[in-house]
Amino acid sequence: MSKIPVGLQLYSLRNEAQADFFGTLKLVKEMGYDGVEFAGLFGNSPVEIKKYADSIGLSLVSAHIPFADLVNNTEGVIDECLALGLKYAVVPYMTEEYRPGGEKFFEAVELIGKLGESFKAKGITLLYHNHDFEFKKVNGEYGLDYMYRTVSEELLKTELDTCWVRVAGEDPAEYINKYSGRAPIVHLKDYFKSSDKDSGSMYELIGIKTEKKETSTFEFRSCGNGCQNIEALIKASENAGTKWLIVEQDKPTPGKTPSECVKSSIDYIREIYK
């Protein structure tokens, strides 16, 4: 199996990054990660971040950027990405009106296409990070697939979150294969769920209020400790030409710290590569 470099979505260590951003970057490198994906810079200078990351040999891969910021401050966001030396910028999450079935979904798809043009002109590739709500059908096909069919591959590529693909009822390895050549980054995320009921409690775990109630147990888990076949996901990513695997754990497994969880994930992935 070819070794795809492995990065960490820093949202996994957001409290640590808030307290000591540069110390967290050093910790991530020492754990064995090759790079990071940002979810905010916590008030730090992009130039200083890039300088420090280069000094410790940590790659800066991509950034999750709120959709409103992408739309309303496109040039400012691009400048920040360029200062960090990022190859990828990511649409991370859509509020309800912009989701499939929402009143502004088609507008969102059009806006994403225009954003893709702006980023491509500056040498940055725009990606879309899914949850499960993009698997609602629009005119007979999943909203996620509609978006990727409507917006040119040259302007928008995928960042498939394998956890949410599976929660939506699809095989994440098959979905990676479906977008072979268009999947430069894949999110590796493991979890445990005691039933296949709605995902309401999952959203509560990532800080999003929902009226859905369920009695099933859900836990985010470190890679190799949940229901995902991580080795199959890595193999599919290899076949799809993926450039980076990004580990993300939205909330630590009960009884574990965030640092323990992300260290467990990279250790497990390194064992697969052996």
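Not measured: the values here are computed from a predicted model. (Residues numbered from 1 in each chain as written. Predicted model: local features only at pLDDT ≥ 70, side-chain atom pairs only at ≥ 80, totals over all residues. Heavy atoms only, no water.)

Visitor: Report on the overall build of the protein, specifying residues and quantitative values.
Guide: From N to C terminus, the protein includes twelve helices and twelve strands. Computed over C-alpha atoms, the radius of gyration of the protein comes to 18 Å, within 12% of the 19 Å expected from 2.2 N^0.38 for 274 residues, which places it in the range of a compact globule. Counting over 274 residues, the protein shows a buried share of 51%. By sequence separation, contacts in the protein at least 24 residues apart represent 79% of the contacts at least 6 residues apart. (Helix = DSSP H or I, 4+ residues; strand = E, 2+ residues; numbered from the N terminus. Rg over C-alpha atoms; globule rule 2.2 N^0.38 Å. Buried < 20%, exposed > 50% of the residue type's maximum accessible area, 1.4 Å probe, protein only. Contact = heavy atoms within 4.5 Å.)

Visitor: So, helix 7 (residues 143-150): which residues are in play, and what are the values?
Guide: The element helix 7 is extensively covered by neighbouring structure, given that six of its eight residues are classed as buried. What helix 7 keeps buried is the set G143, L144, D145, Y146, M147 and Y148.

Visitor: Tell me about the sheet that holds strand 5 (residues 125-129), and please be specific about residues and values.
Guide: Strand order around the closed barrel formed by eight strands is 1-2-3-4-5-8-9-12, with parallel pairing between neighbours. Sheet twist, expressed as the average angle between the axes of neighbouring strands with direction ignored, equals 25 degrees. In this structure, strand 1 (residues 6-9) lies alongside strand 12 (residues 244-247), joined through three bridges in parallel fashion. Within the sheet, the bridge partner assigned to L8 lies in strand 12 and is V247. Across the sheet, helix 12 (residues 258-273) is in contact with strand 1, strand 9 (185-188) and strand 12; its angle to strand 1 comes to roughly 160 degrees. (Pairing = 2+ DSSP bridges. Axes fitted to C-alpha atoms, helices over the stretch in contact; angles between N-to-C directions.)

Visitor: Go over empty space enclosed by the protein, please, and point to the residues and values.
Guide: Gaps between atoms show up when a probe of the same size as a water molecule is rolled over them. Under the defined criterion, the tally for this structure stands at two cavities of 30 Å³ or more. Taken together, M94, Y98, P100, F105, A108, V109, I112, Y128, E134 and M147 make up the lining of the largest cavity. Considering every element that reaches the lining of the largest cavity, the biggest residue donor is helix 6 (residues 105-121), with four residues. For the lining of the largest cavity, a count of residues per class yields nine nonpolar, no polar and one charged. In this model, the second largest cavity occupies a volume close to 30 Å³. Around the second largest cavity, the lining residues are S12, Q249, D250, K251, P252, P258, C261 and V262. Taken together, the residues of the lining of the second largest cavity sort by class into four nonpolar, two polar and two charged. (1 Å grid on protein atoms, 1.4 Å probe; cavity = no way out; pocket = protein on both sides within 12 Å on 5 of 7 lines; lining within 4 Å. Points joined across faces, edges and corners; volume = space filled by probe spheres on them. Nonpolar A, V, L, I, M, F, W, Y, C, P; charged D, E, K, R; others polar.)

Visitor: I'd like to hear about the pattern of salt bridges, residue by residue, with values.
Guide: Counted according to the given criterion, the structure contains 14 salt bridges. A salt bridge links E141 to R149; the nearest nitrogen and oxygen atoms lie 2.5 Å apart. Residue E238 is joined to K235 by a salt bridge in which the shortest nitrogen-to-oxygen separation is 3.6 Å. Of this pair, E238 and K235 both sit in helix 11 (residues 230-239), three residues apart, which is roughly one turn of the helix. Taking the relative accessible area as the measure of exposure, E238 reaches 22% and is therefore partly exposed. (Salt bridge = Lys/Arg side-chain N within 4 Å of Asp/Glu carboxyl O.)

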